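# Secondary and tertiary structure notes
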Amino acid sequence: KAGVTQTPRYLIKTRGQQVTLSCSPISGHRSVSWYQQTPGQGLQFLFEYFSETQRNKGNFPGRFSGRQFSNSRSEMNVSTLELGDSALYLCASSRSPGATNLYEQYFGPGTRLTVT
Amino acid sequence: GENVEQHPSTLSVQEGDSAVIKCTYSDSASNYFPWYKQELGKRPQLIIDIRSNVGEKKDQRIAVTLNKTAKHFSLHITETQPEDSAVYFCAALSYNTDKLIFGTGTRLQVFP
């Protein structure tokens, strides 16, 4: 079974631009979560989608948004990029959302975003 | 809010020794505790997890223990090997908020 995939793997953008990242979950997984990983802040939760609905949201500004499609693929968008948005963006999928005994989360390889 | 503290931040051991990483969580409603291993430049990999109705779980050389009263859980790696060198993250899932909160990571170095 194929793992979680993310595209693109690397991205360089300039301040003020916007970016869209894509995540394809493991087949059969309907929950997708996004995380920002930086050396200083570790793994920070952005949001979670299940059945095309945002179930949960972390403490990030409204410039960070996402969506999920009917095939469970998810995208996240960052508008008006800032230097501090440079990070590794990881998505993770699970068969179902948390608080169930089926919950196990598997990560994709990440998209490394550099903002100059 | 929810918080997970992880110690130590770095750990160096000799090959063959044991390594222990400890995490403490703040949300008493947490009920699922996974551990991830992240090698340099790679994705975090789920290596073991434990749910709140179990006190200990083992998988070959790794084990996780959970003390719900004290709100802490630990990862134990026995007979360490150089390929165990990586950053290890603990996490706790709150039943109330459904958020998976990660610890800050432990960089484990195993010297041959």
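Refer to the structure printed above.
Report on the accompanying structure.

The rules we used
Residues numbered from 1 in each chain as written. Chains lettered and ligands numbered in written order. Predicted model: local features only at pLDDT ≥ 70, side-chain atom pairs only at ≥ 80, totals over all residues. Heavy atoms only, no water. Pairing = 2+ DSSP bridges. Helix = DSSP H or I, 4+ residues; strand = E, 2+ residues; numbered from the N terminus. Axes fitted to C-alpha atoms, helices over the stretch in contact; angles between N-to-C directions. Buried < 20%, exposed > 50% of the residue type's maximum accessible area, 1.4 Å probe, protein only. 1 Å grid on protein atoms, 1.4 Å probe; cavity = no way out; pocket = protein on both sides within 12 Å on 5 of 7 lines; lining within 4 Å. Points joined across faces, edges and corners; volume = space filled by probe spheres on them. Nonpolar A, V, L, I, M, F, W, Y, C, P; charged D, E, K, R; others polar. Salt bridge = Lys/Arg side-chain N within 4 Å of Asp/Glu carboxyl O.

This paragraph deals with the sheet that holds strand E8 (residues 72-77) of chain B. Residues and elements named next belong to chain B. The 5 strands lie next to each other as E1-E3-E8-E7-E6, forming an open sheet whose pairing is antiparallel. Looking at which strands have only one partner, the edges of the open sheet turn out to be strand E1 (4-7) and strand E6 (56-59). Neighbour-to-neighbour, the strand axes of the sheet open up by a mean angle of 15°, direction not taken into account. Two elements, strand E3 (residues 19-25) and E8, share 6 bridges in a ladder whose sense is antiparallel. Residue pairing across strands places Lys-22 opposite Ser-74, the latter belonging to E8.

The next point concerns the sheet that holds strand E1 (residues 5-7) of chain A. Residue and element names in this part refer to chain A. Across the sheet, which stays open at both edges, the 4 strands sit in the order E1-E3-E8-E7 with antiparallel pairing between neighbours. Single-partner strands in this sheet number two, and they are E1 and strand E7 (64-68). Ignoring which end each strand starts from, the neighbouring axes of this sheet average 20° apart. With 3 bridges joining them, E1 and strand E3 (residues 19-24) adopt antiparallel strand pairing. Within E3, the position partnered with Thr-7 by the bridge is Ser-22.

Here we come to the pairing of strand E11 (residues 106-111) of chain B. All names here are of chain B. The two faces of E11 differ: Thr-106, Leu-108 and Val-110 on one face are buried, but Arg-107, Gln-109 and Phe-111 on the other face are not. The pairing of strand E9 (residues 86-94) with E11 spans 3 bridges and is classified as antiparallel. The partner of Val-87 across the bridge, within E11, is Arg-107.

On to the layout of surface pockets. There is about 670 Å³ of room inside the largest pocket. Along its surface, the largest pocket is lined by 28 residues, and Gln-37 of chain A together with Gln-38, Leu-40, Val-87 and Arg-107 of chain B are the ones closest to its centre. If you list the elements that add at least two residues to the lining of the largest pocket, you get strand E4 (31-38) of chain A together with E9 and E11 of chain B. Per element, the largest residue contribution to the lining of the largest pocket is 4 residues, and it comes from E11 of chain B. In the lining of the largest pocket, the residues fall into 9 nonpolar, 14 polar and 5 charged.

Before going further, it helps to spend a moment on the pattern of salt bridges. All told, the structure shown has 8 salt bridges over all chains when counted by the stated rule. In this structure, Arg-55 of chain A and Glu-48 of chain A form a salt bridge, with 3.1 Å as the shortest nitrogen-oxygen distance. Given the relative accessible area of 36%, Arg-55 of chain A is considered partly exposed. Accessibility expressed as a relative area gives 2% for Glu-48 of chain A, which makes it buried. Sharing partners across several salt bridges, the network here consists of Glu-48 and Arg-55 of chain A together with Asp-98 of chain B.

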